[in-house]
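Each chain, written out:
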Amino acid sequence: MNRFWQTCLILLIGVAVAVPLRWANLAQRPFHADESVQAMKFRTLWNTGEYKYNPNEFHGPTLHYFSLPFQWISGQDIETESEAPLRSVPAFFSLLAILTLCCFRSALGRSGLFIGSLLLALSPSLLFYSRYFIHETLLCTFTLLFLAASWQYTQTLRRRWILLSAVALALMYATKETFVFNVAAAAGGLFFLLALEKFKGSSTAFLKQVPRSHWFIALGGFLVTGILFFTSFFTHRAGPLDSILTYFPWLARAGGESSHIWPWYYYLERYFWFSKDSGPLFTELFLLILALFGVWTGFKDHFSPAIRRLSLFLSAYTLLLGTIYCVIPYKTPWCFIVVIQGVVLLAGIGTHYLFSTWKGRLPRILISLVLLGGLFHLFYQGHLMNEKHYEESKNPHVYAHTLSDVRNLTHTVEKLGSIHPDGNKMLIQVIARDGDYWPLPWYLRTFENNTGWYPQVPDNLAAPVIIYSPRFSAQVKEGVKKPHQPAGFYGFRPNVFFQLSVEQSLWDEYIEKGLAREDEEED
């Protein structure tokens, strides 16, 4: 079997491992608040064909535009579908991330390519967020594509690779504002590499070898791609300027004006040593240990100078990127997966180093057994995160996640609507402090035109169905225009609840028709 088919087979094995893990019970947990916001944005695009980039919130347009074919293929009605069709988007892009490793074949070797593809498939954090309808997995995929195309360009100086690298960079730009951290880390990694090579007396003339025409090709690819997405394909002129102005509000958040402020070691704890509420220990130290061998490779003359330089660049890039995320006070656990992908690439190089250094049969058997044990441990952690602790605080990647009880609340409201004379035009009022009611707008979207959302109790409480935070119980009881019946508490997020109040006559009919018994049977 020649090298091309070996590479295809290895990557197909990685994809084959990844597919069932990403699509199994994809709709098992309800949308996180952030997922539901993106889902509602996409719903607007799907229903109206309109999308306008918002520089203050919601990140870039790629997630929404790339979701269009998946929604079409699913054939489902967006007003009634589950979470699965939209979550298929990041799941699919996580498969593309595995395929980008083909560009690193010369640096990873067969062993590194195989282990690297399995690490991308089995890493608990990468797996967990590949099942989240947010931007991070797309950012990871486009970043890997950028690194892969750039690596190929350094080896061939062919125009197609610098063009692909520029397009990938533009896609990063059009995905999430934090792409600037990746660019800064890459620039720092390149500076470190050039400085080290100059210190050692090696040639640093690579950049001078790039033809001027290639820089123009790269600039053109970047601008065309970025303008297409930020102008919503020439329908929103302000988009490109907004994509620059967006950094003013985001800098304020990164600097500490947010509720998501955590200490510098937050990511290290979440990813590499996490145990909470008597839960299991979650750790991805296995990746880090393998990556250290990849770092070591950069300081050895074991491989070619090109591979050694790649190792040094990736080492500096990953360290700088991780440091940036740790230093910035604003932290959410999914942001760090762009660092993990750098760790995976170094782990692949490290694996290649181990197998090419220890060529004896017994050492290779021992290395293979250790790798097999580490991969199984990652698989088991991924199983716990996605099948058992998928909405519990024992999971390091559950961050203010919505509880499944929100579906019980939704089903109750839908059944109340089915017996109300106005049907899905039934008036609903939702009251939550600081507008903290997401993802309810997604789950109550069939009532969208007749649902009011309030941060405080409004003067006119006239709706037959009222959903509210328990802190407003006394005010709601005093303010309703008609007699109401408390109809239960529902878990919303850990330690966050909603209370349901239903107009007495509607609730009596609900009881009389046996719909309350159906609720008990469903529980």
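Note that the coordinates shown come from a computational prediction; the quantities given were computed from them, not determined experimentally.

Asks: Can you break down the sheet that holds strand 3 (residues 465-468) residue by residue, with the values?
Replies: The strand order across the open sheet built from five strands is 2-1-3-5-4, with neighbouring strands paired in mixed fashion. Looking along the sheet, the strands with just one partner apiece sit at the ends: strand 2 (451-454) and strand 4 (484-493). Here the strands of the sheet are splayed against their neighbours by 15 degrees on average, with no regard to which way each runs. The sheet contact formed by strand 1 (residues 428-431) and strand 3 spans four bridges and is parallel.

Asks: Summarise the packing of aromatic side chains; cite the residues concerned and give the values.
Replies: In the structure shown here, the tally under the stated rule is 38 aromatic pairs. Judged by centre distance (5.3 Å) and plane angle (45 degrees), the ring pair of Tyr173 and Phe179 falls under tilted. For the pair shown, Tyr173 and Phe179 are each scored as buried. On the numbers, 5.9 Å between centres and 15 degrees between planes, the contact of Phe313 with Tyr317 is stacked. Of the two residues, Phe313 and Tyr317 both sit in helix 16 (residues 305-327), four residues apart, roughly one turn of that helix. Among the residues examined, Phe313 registers a relative accessible area of 14% and is labelled buried. The side chain of Arg29 reaches across the aromatic face of Phe128, ending 4.4 Å from its centre. Directly above the aromatic system of Phe472 lies the positively charged group of Arg471, at a separation of 5.6 Å from the ring centroid.

Asks: Tell me about the environment of Trp296, and name the residues and values.
Replies: Checked against the element boundaries, Trp296 lands in helix 15 (residues 285-297). With a relative accessible area of 45%, Trp296 lands in the partly exposed category. Sequence separation of Trp296 and Ala148 is 148 residues, and the distance between their C-alpha atoms is 21 Å.

Asks: How would you sum up empty space enclosed by the protein? Please name residues and give values.
Replies: Per the stated rule, a full pass over the model turns up one cavity of 30 Å³ or more. In terms of lining residues, the largest cavity is bounded by Arg22, Ser94, Ala97, Leu120, Leu126, Ser130, Thr137, Cys140, Thr141, Leu144, Ile337 and Gln341. Listed by contribution, the elements that provide at least two residues to the lining of the largest cavity are helix 4 (84-99), helix 7 (136-156) and helix 17 (337-357). The element best represented in the lining of the largest cavity is helix 7, accounting for four residues. Taken together, the residues of the lining of the largest cavity sort by class into six nonpolar, five polar and one charged.

Reading guide: rules and limits
- Every chain is numbered on its own, with residues counted from 1 as its sequence reads.
- With the structure being a predicted model, the display of local features is reserved for residues of pLDDT at least 70 and the display and counting of side-chain atom pairs for 80 or more, all residues being used for whole-chain, interface and lining totals.
- Computation of side-chain values: all heavy atoms of the structure, hydrogens and water removed.
- DSSP-based pairing: two strands are paired if at least 2 bridges between them are found.
- Numbered from the N terminus, helices here are DSSP runs of H or I no shorter than four residues, and strands are runs of E no shorter than two.
- Lines are fitted to the C-alpha atoms to define the axes, a helix being fitted only along its stretch in contact, and any angle between axes, read from their N-to-C directions, falls within 0 to 180 degrees.
- Stacked, tilted and edge-to-face are the three classes assigned to paired rings of Phe, Tyr and Trp, where Trp is represented by its six-membered ring and a pair needs centres within 6.5 Å; plane angles under 30 degrees give stacked, over 60 edge-to-face, the rest tilted.
- Between buried and exposed lies partly exposed: a residue is buried under 20% and exposed over 50% of the maximum accessible area for its type, with that area taken using a 1.4 Å probe on protein chains only.
- Either the NZ atom of lysine or the CZ atom of arginine qualifies as a charge over a ring when it sits within 6 Å of the ring centre and within 35 degrees of the ring normal.
- The rule is simple: put a 1 Å grid over the protein atoms alone, call a set of points where a 1.4 Å probe fits but cannot get out a cavity, call an open set with protein on both sides within 12 Å along at least five of seven lines a pocket, and count a residue as lining if it has an atom within 4 Å of a point.
- Grid points are joined across faces, edges and corners, and a volume is the space filled by probe spheres set on the points.
- Each residue receives one of three labels: charged for Asp, Glu, Lys and Arg, nonpolar for Ala, Val, Leu, Ile, Met, Phe, Trp, Tyr, Cys and Pro, and polar for the others, Gly being one of them.

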